[in-house]
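# Commentary on secondary and tertiary structure
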Amino acid sequence: MDPLHLTTSRRDGTLLVSVSGELDIATTEQLRSHLLHLLQEAGRCSCPEVRLVIELSRLSFVDAAGLGILVAVQNQALSQHTPMHITSAPPAMRRLLRITGLDQHLT
């Protein structure tokens, strides 16, 4: 099992979160808390437009609970008008997003 590891950088109005390891029922709360904290930060920012980008190239596993957290955070981002995008999803996750139809909403 690869532990979940999150790295965040801030640059030119972009909050970039790089995710590595496994995103499953045991680690979803860690990701959810981190992303919601960043959305709060984005909401307080006086920048013209802040966006949240989640980079997943080093994600080794994701389950339904992990997808659910991404959808929940996306819904929060939409409600506060903060653009959120997922980038560099590994092939297995891209397939899962396509099968579930989430590729149209999260990428």
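Scroll up to find the structure.
Residues numbered from 1 in each chain as written. Predicted model: local features only at pLDDT ≥ 70, side-chain atom pairs only at ≥ 80, totals over all residues. Heavy atoms only, no water.

The backbone of Asp12 sits at a positive phi, close to 50 degrees, despite the residue not being glycine. Structurally, Asp12 can be placed in the loop between strand 1 (5-11) and strand 2 (14-23). Even without a glycine there, the phi angle at His81 is positive, about 60 degrees. By the element assignment, His81 lies in the loop between helix 2 (64-79) and strand 4 (84-87). Since its relative accessible area comes to 71%, His81 is described here as exposed. (Helix = DSSP H or I, 4+ residues; strand = E, 2+ residues; numbered from the N terminus. Buried < 20%, exposed > 50% of the residue type's maximum accessible area, 1.4 Å probe, protein only.)

Here we come to the sheet that holds strand 3 (residues 51-62). In a beta sheet, neighbouring strands pair by backbone hydrogen bonds and run either parallel or antiparallel. One open sheet accounts for four strands, arranged 1-2-3-4; its pairing is mixed. The open sheet has two edge strands, strand 1 and strand 4, and neither has a second partner. Neighbour-to-neighbour, the strand axes of this sheet turn through a mean angle of 20 degrees, independent of strand direction. Sheet analysis places strand 2 next to strand 3, joined by nine bridges and oriented parallel. (Pairing = 2+ DSSP bridges. Axes fitted to C-alpha atoms, helices over the stretch in contact; angles between N-to-C directions.)

Any functional reading would require information beyond the geometric quantities listed.
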